[in-house]
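What follows is the residue order along each chain.
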Amino acid sequence: MTLLRVENLRIALPAGADRSHALYDLSLQLRSGECLCVVGESGSGKSMLAKALLRQLPTPLTVESGRLLFRDEDLANLSETAMRQLRGRDISMVFQEPMSALNPLLRVGEQIDETLRAHGVKSAQERRRRVVDLLGYVGLPEPERLRLAYPFELSGGQRQRVVIAMALAFDPSLLIADEPTSALDVTTQAQIIGLLRKIQQDKGMALLFITHDFTVVEAIADRVLVLEKGQLVEQGSAHQVLREPQALYTQQLLAAVSAQPLAPRTLVDGPVVLKAKQLNKVFHSHSGWWRKRTTQALAQVQLTLREGETLGIVGESGSGKSTLGRCLVRLLRADSGQVQWLGQDVTTLSDGRLRALRSDVQMIFQDPFASLNPRQTVGRIVMTGPLVQGHSKAEAERRARSLLVLVGLPATAFERYPHEFSGGQRQRIGIARALAVEPKILIADECVSALDALIQVQILELLEDLQRRLKLSIVFITHDLRVAARLCDRIAVMQGGHVVEQGETAALLAHPHHAYTQTLLRGCPRTASPSTVTPENLESKEACPNHG
Amino acid sequence: MNGVLYLGGRLLKALLMVVAVLVLIFLLIRLAPGDPALLLAGEAGVDDVQFIEQLRQTMGLDKPLLQQLLMYLGNIAHLDLGYSYRNQTSVWSLIAERLPATLALMGSAFVLSSVLGVTLGVLAARARQKRHWLDGVISHGALLLYAMPPFWLAMLLILVFSVILDWLPAFGMESVGKDFSLLDRVQHLLLPCVSLSVMFLALYIHLTRAAVLEALGQEYVRTAHAKGLHPRRILWVHVLRNALLPVVTFAGLQIGQLASVALLVEVVYSWPGIGRLMYDSLAQRDYGVLMGGFLVISILVVGFNVLTDVICRFLDPRIGAGGQG
Amino acid sequence: MRVLKRFVRQPSALIGALFLLLLAALALAAPWLTGSSPWVMSTQPMLAPFHDPAHWLGSDLLGRDLGSGLLYGARVSLAVGVLTSLATLLVGLLVGALAGYFGGWLDGVLMRIAEFFQIIPQLVLAVILVAVLEPSLGTIVLAIALVAWPAVARLVRSEFLTLRQREFVQAARVLGQSPWGIISQQILPNALAPLLVVMTFVMATAILTESALAFLGLSDPEAMSWGYMINASRGLLRDAWWMSFLPGLAIVLCVLAVNRVGEGLRVAFEPGRSL
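Residues numbered from 1 in each chain as written. Chains lettered and ligands numbered in written order. Predicted model: local features only at pLDDT ≥ 70, side-chain atom pairs only at ≥ 80, totals over all residues.

### Considerations on helix H2 (residues 11-28) of chain C
Every α-helical turn comprises 3.6 residues, leaving residues that sit three or four positions apart pointing alike.
All names here are of chain C.
Logical step 1: The first and last C-alpha atoms of H2 sit 26 Å apart over 18 residues, in line with the 26 Å expected at 1.5 Å per residue.
Logical step 2: Those residues of H2 lying buried are Ala13, Gly16, Leu20 and Leu23. Looking down the long axis of H2, one finds its buried residues gathered within 95° of arc, a one-sided arrangement. Along H2, exposed side chains directed more than 90 degrees from the buried face belong to Pro11, Leu18, Leu21, Leu22 and Ala25. (Helix = DSSP H or I, 4+ residues; strand = E, 2+ residues; numbered from the N terminus. Expected span 1.5 Å × (residues − 1). Buried ≥ 20, exposed ≤ 12 C-beta atoms within 10 Å, placed from the backbone. Arc of directions from axis to C-beta.)

This is the structure in C-alpha cells:
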C-alpha cells in the first residue's frame, strides 16, 4: 500500500536566497517495505524534504503549497500533539552526524529510554528491557553495559547504531535517513547499510534514504529519485535510473562518479622528482596530567614520484595520508627517514635554508573555505608566493593575472575577496596560488573532497590539463579510491600508517592483493553509463562478493 | 576513581592559588615605598616604637627574603594575620566578626542574581527564537543595568526607596536599639542585596541567553524533536542541562567580582561586613587589616571556585575523563 | 574600507561613536570652556541646575561648578579608559602570542597565571595596589591593567591557536613566508576583529573600575573624577540628589557608548556576511 504520498510540494525560501524555492512541485510515492533513495548534490533541497515530512522546517521556511500524505492523512491537518505522536513512533529519522545527534551529557540508554517514555511505555523495567533489546538488535556488543555509556565513549559507527536503535524504538512504518553514512569510513558505512537493509527486510519498513553517494544508492535502493536545485529531474526503479538514465543531469552525475580515467594513461619512466624513504612519524597526545597517547602516524613509508606522473595516495581517516602529505611538503618533520626533492635531501633542513627550495614543491589544500585568507584580495593571495620568493611586485602581478585566467577564473577575480566565490572557484584560486611559484611538484591534499560530484570533475580535469601543459608531477591524496582512479597513473593504498599496496592504477583496481584494497574497492559504485563499461569494471564486480 | 582524582587535582590547584595570594600580599607589602613595618603598623601605630620593634621581629625584616616569606606563611597557618593597633585586637578576630554579615549579603545576592538572571536569560533566548520583542527588552535592559556603577545605583535605590518612599531602611544590618527580628533583618538586607545583584543579574542574563541560543541550535535538540519528545522535556533536559555548563563555570569565575562589588555596596549602606572594615582601614591606613581582608576573601573565592569546578565535572562527564581530549 | 561602511550602517554603534568623539572633544577643550580648574570654588554652594546660566548644572557642597567637574572628569575617565586598554593590549598580546604560538609548558604556566588573576577579587586587589603605591593616574592605570590583562591574553592565545592551524597559514608556510610575515600578514589581520571587540569591553570595565576606585577615595588627588564627585555628594542625597546623579549618569552613558561601539565593530568585522 502507498504509505507516503507527496503531491506538488513547494517550499518557499526567504528573499535573498539563490533561488525562489527549496523544493518546487515535487511529487513522489513510497510504498511499505520499499526503499526510495533521494539523490542530489548539496543545495538540491533533499534535506528539506525530510524536514518537511516531520514538520521540522527551520523557521523562515514554510510549505507554500502541495500536500504531504502519510497513510492517506494530510500531515498539515494534524495538530502539533498529534504530530508529536507520529514522530519517533510511526515516522523516525536518522541524521548525518552521529556525534552531534546524541546529547553528550546523557547516557546512551537514557536517550532511547526517553523516547519510549514519551510515547507511553510506563513501566521502567519494560523500558529497560526494550533498550537492551534494541541495542542488541542493531549489533552493539554487551548492550547491558553499553546502555550506561556516554556518547563520547563510543566510536562513530557505534553511535550511529545507537541513533538507529533510537529510531527503531516503536517499529516505525517509515524511516527517513538523511546522509547517515557520510561521516563514516568505508567499512563502517557498509556495515550500517547492511544493518538498514536487514531491518527493512525484517520489519517491512519503508525507507526514505537521502544521499549524494551512488555507492549507497546501488547498495540499498529499490527506486531512485534525482533532484536538481529543488526540482525533480528523474524518477524510476534503481536499475532504470542507474543503468539507463534518461535525464541529462543524471547522466552527468553518473559520469562524474565513474571510475574512468580522465585521459588515457601513459607509461611514465622519467627521472624521479620526489622520494620518500622509510618515513616514520609518531604523535603524542596528552589528555589530563599524566595520560599520554602515542599514535604511529607513519611507519616505514616508501614512495617515489616520477616526472609527469600522478601518484595517488588513498586511505581513510587515520591512515596517515595527510601526515604523509605534510611530511612530503615539509610542513612537518618526519621522525626518521628521508624526503628528497629533485634529488636533494630536505628532511632535516632548517626553515631558513628550505625557503629557497620551496618553489619546487607546493600544496593544494582541502577546505576551500579555510585555505584562503579572508582578509586579502584574490590577487594578493596569489601574489604572495612570488613576492616571498623575491620577485618584483610587477612580476608577481603578471604571474597572478595570467594564472587566474589559466585556472579558468574571470580576470576581475584579481580585485575581489574569497568570500565572493563558490567552493569550486576557491579551489581554483588555491591552485593558482600554488602554481604562482612555478613548482615542479604539486601535493594535492584531498583537494576535491569538499566539492560536489560535478564540480569535482571540473577540478580534476583542470589538474589533468595543467599537468600536461606545465609538466607537473602530482601526488594526489584522497580517501576516495574512485577519484584516484580517475586521475592517477599509480596508486598507493595506506592503512594505519603503512603503505599496504602500491601499483599501476589499472592493475590495482583489477587485481587488488591486499584485503584492505579490496574493501576500498567495494566502496566504489559499479554503476556507469553503458559506454563506460570496461573490462576493469567488470572484473572488479567479480572480485567483490555482492552486497548483503 | 576518576572523580576522586579530579577533586584531588582541583584541591591542589586551590591550595597553590592560596599560596600565590599569600606570596602576592607578601610582595606587595615589601614593594610598597617606605618601611614595611610602618606600613603594617598603620597611622595609629607609627608612634609606638616598641610596637614597631615587635613588628620588625615578627616579620623578620632583617632576615633574607625567603626566610621572611616562610615566617609569614607559618604565621598564616596559625591564623595569625597580624595585629590592628587602631582597634587593639587581632586582625583575624576583626574579620571573623564581620564575616557572617558579608556572607549573608553575598549569598543572598548570588542566589537572587543567578536564579533571576538564568530565568530571564532563558526567556530572552526563547523570545528571540520566536522573534518576539521581549528579547529586545530583556537584552537592552540588561545592558543598561551593567553600565550602572554599583555604588551609584545603590545610592539611587536609597534615594527612591528610603528617602522618598520611606519603605526600607538604608543603614546597617539591623535597627538600632531594637531586639532581634527576622523581618527587621530582611528589610535591612533587601536594598543592599538588590544593589549587589544588579550587575551580575545583567551578566547572567547575557550569558544564559547566549548559552541557551547555542544549545537550541544543536543537532541533538533537533533529534529530540524528531523523536517526538514533549517540548518541556526538550527544554529542561536537552537545552538547559547543556546550557547550564558555561553558566556554572562563569559563576565560579565571577565570585571574586561579587566580593569586590560587595565592598562598594557595604560602604554605601554601612553594612557591617568585611568590605566596610576594609574601607575603614583604608582611610585609617591600617594596611594589616586591608591585607587580611583580601586574604580571607580570596580564600573564600578560591574555595567557591573549586566547588563550581566539581559541579561542572558532575554535570559534564567529559571533563577530566580524557575521553574528548 | 568595507568594515567602516558596515560599522556606520548601525545606528546604535554610530551614536555611541559620535558621543565618545564629542565627549573627547569637550574634555580636551575643558580649560577653554569652563575655566582652568574644576576645584575652584566659583559660586555659592548647593546651586540647583538650570538656575544660573553661568553654572548650568549647578554647584556642589563647596560651590564648585558641577559642569566643569563633569568635563574634567571626562578627561580622567577617557584617559584611564584608553591608557588601560593600551596597557592591557600590550601585556595581553605578548602573553597570548607567546602562549599560543609556542604552546607546551610555557602555555600552561602563562595560562595558570592568567586564571589566577581572573579568579581573585580584582577590584580589591586594585584597591590595595593603588593604596599602597599612592594614588595617581599611573598607579590607577597599572592596577586596572594588572587585573584586566587575562581576558585579552586568553583571546589572543585562542586566536593564535586556531589561526595557526588554518590552512591559509599553512599555505603561507609552504610558500616560504617567514614567521614574521605570517604573523603580520596572515594571523594578525584576522585576529584584529575579536581583539578590538575585547578591547572595548576592557575599556568599559576600566571606566567602571576607575570610578569605583575614585568613589573609595583612591583617585588622583590632582584630577577631578566622576567617582569622586559621587562620593563627595553622598551625604546630600536627600537635599541635592542631582550632585550624585549627574556624574553617575555620565558614567552610564560612557559605558553604554563604548559597549555599543564594540558591538558595532563585532558585527562590522564579520567577513562576507550580508547584513
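### Re the environment of B:Gln67
Residue and element names in this part refer to chain B.
Logical step 1: Among the secondary structure elements, Gln67 is positioned in helix H4 (residues 65-77).
Logical step 2: With 11 C-beta atoms packed within 10 Å, Gln67 lands in the exposed category.
Logical step 3: For the pair Gln67 and Leu105, spaced 38 residues apart in sequence, the C-alpha separation works out to 39 Å.

### Quick word on the interface of chain B and chain A
Logical step 1: The interface of chain B with chain A comprises 24 residues on the first partner and 28 residues on the second.
Logical step 2: Elements represented by at least two residues in the side of chain B that touches chain A include exactly helix H9 (219-226) and helix H10 (231-269) of chain B.
Logical step 3: Ranked by residue count, the leading element in the side of chain B that touches chain A is H9(B), at six residues.
Logical step 4: Classifying every residue of the side of chain B that touches chain A by side-chain character gives five nonpolar, twelve polar and seven charged. (Contact = placed C-beta atoms within 7 Å. Nonpolar A, V, L, I, M, F, W, Y, C, P; charged D, E, K, R; others polar.)

### Concerning the nonpolar core
Logical step 1: One finds A:Cys37, A:Val475 and C:Val127 to be the most contacted residues of the largest nonpolar core, which totals 343 residues.
Logical step 2: For this core, the element with the most residues is H10(B), which contributes 18 residues.
Logical step 3: In this structure, this core is formed jointly by two domains, domain 1 (2-256) and domain 2 (272-524) of chain A, each of which donates at least three residues. (Core = buried A, V, L, I, M, F, W, Y, C linked by C-beta atoms within 7 Å. Domains from an automatic or database assignment.)

### A short note on unusual backbone geometry
Logical step 1: Positive phi, close to 50°, is recorded for A:Gln300, a residue that is not glycine.
Logical step 2: For A:Gln300, the position within the fold is in strand S12 (residues 291-306).

### Here's the deal with the packing of helix H5 (residues 104-119) of chain C against helix H7 (residues 137-165) of chain C
Residue and element names in this part refer to chain C.
Logical step 1: In contact at an axis separation of 8 Å, H5 and H7 are set at 135° when each is read in the N-to-C sense. Judged by the angle between their axes, H5 and H7 are oblique. H7 is crossed by H5, and the crossing has left-handed handedness. Between H5, through Ala114, Phe117 and Gln118, and H7, the contact on the second element is made entirely by Val147, Pro150, Ala153 and Arg154.
Logical step 2: Here the contact of H5 with H7 is built from residues that sort into five nonpolar, one polar and one charged. (Axes fitted to C-alpha atoms, helices over the stretch in contact; angles between N-to-C directions. Parallel < 35°, antiparallel > 145°, perpendicular 65-115°, else oblique. Left-handed = near helix turned anticlockwise from the far one by under 90°.)

### Brief notes about the sheet that holds strand S10 (residues 231-237) of chain A
All names here are of chain A.
Logical step 1: Taken in spatial order, the six strands make up an open sheet running S6-S7-S8-S3-S9-S10, and their pairing is mixed. Strands with a single pairing partner mark the edges of an open sheet, and in this sheet they are strand S6 (91-94) and S10. Between one strand axis and the next, the sheet turns through 15° on average, direction left out of account.
Logical step 2: Inspection of the sheet shows strand S7 (residues 174-178) paired to strand S8 (residues 206-211) by five bridges, in the parallel sense. The partner of Ala177 across the bridge, within S8, is Phe209.
Logical step 3: Strands in contact with helix H1 (residues 46-53) are strand S3 (35-39), S6, S7, S8 and strand S9 (223-228); relative to S7, the strand with the most contacts, it is inclined by about 145°. (Pairing = 2+ DSSP bridges.)

### Brief notes about the interface of chain B and chain C
Logical step 1: Counting residues at the interface gives 34 residues for chain B and 31 residues for chain C.
Logical step 2: Residue assignment for the side of chain B that touches chain C shows that the elements contributing at least two residues are helix H1 (2-31), helix H6 (134-147), helix H7 (150-164), H10, helix H11 (274-283) and helix H12 (287-315) of chain B.
Logical step 3: For the side of chain B that touches chain C, the leading source of residues is H12(B), giving nine residues.
Logical step 4: Its residues assigned to classes, the side of chain B that touches chain C shows 29 nonpolar, five polar and no charged.

### Re the domain arrangement of chain A
All names here are of chain A.
Logical step 1: As far as domains go, chain A holds domain 1 (2-256) and domain 2 (272-524).
Logical step 2: Taken over C-alpha atoms, the centre of domain 1 sits 36 Å from the centre of domain 2.
Logical step 3: With eleven residues of domain 1 in contact, the opposing surface of domain 2 contributes twelve residues.
Logical step 4: Contributing elements (two or more residues each) for the side of domain 1 that touches domain 2: helix H8 (186-203) and helix H11 (248-256).
Logical step 5: The element best represented in the side of domain 1 that touches domain 2 is H8, accounting for four residues.
Logical step 6: Split by residue class, the side of domain 1 that touches domain 2 holds four nonpolar, five polar and two charged.

### Focus on the pairing of S6(A)
Residues in a regular strand point their side chains to alternate faces of the sheet.
All names here are of chain A.
Logical step 1: Alternating residues of S6 divide into Ile91 and Met93 and Ser92 and Val94, and every residue in both groups is buried.
Logical step 2: Pairing analysis gives four bridges linking S6 to S7, with the strands arranged parallel. Within S7, the residue paired with Ile91 across the bridge is Leu174.

### A word on the confidence of the model for chain B
Logical step 1: Confidence in the prediction of chain B, expressed as mean pLDDT, is 85, and 98% of residues score 70 or more.
Logical step 2: Scored as a whole, the predicted complex attains pTM 0.84, and scored at its interfaces, ipTM 0.86. (pLDDT = per-residue confidence, 0-100.)

### A closer look at the packing of helix H4 (residues 108-118) of chain A against helix H5 (residues 124-137) of chain A
Residues and elements named next belong to chain A.
Logical step 1: Following both chains from N to C, one finds H4 and H5 inclined at 125°, their axes separated by 9 Å at the closest point. The angle between H4 and H5 falls in the class oblique. Crossing of H4 against H5: the hand is right-handed. Facing H4, whose interface residues are Gly109, Ile112, Asp113, Leu116 and Arg117, H5 presents Arg127, Arg130, Val131 and Leu134.
Logical step 2: Across the contact of H4 with H5, the residue classes break down as four nonpolar, one polar and four charged.

### Let's talk about H9(B)
Logical step 1: Inspection of H9(B) places B:Tyr220, B:Arg222, B:Thr223, B:Ala224 and B:Ala226 among the buried residues, and these make up the whole buried set.
Logical step 2: Looking at the packing, one finds that the buried side of H9(B) touches S6 and helix H3 (98-101) of chain A together with H10 of chain B.
Logical step 3: A positive phi of about 85° marks B:Gly228, the residue just after H9(B).

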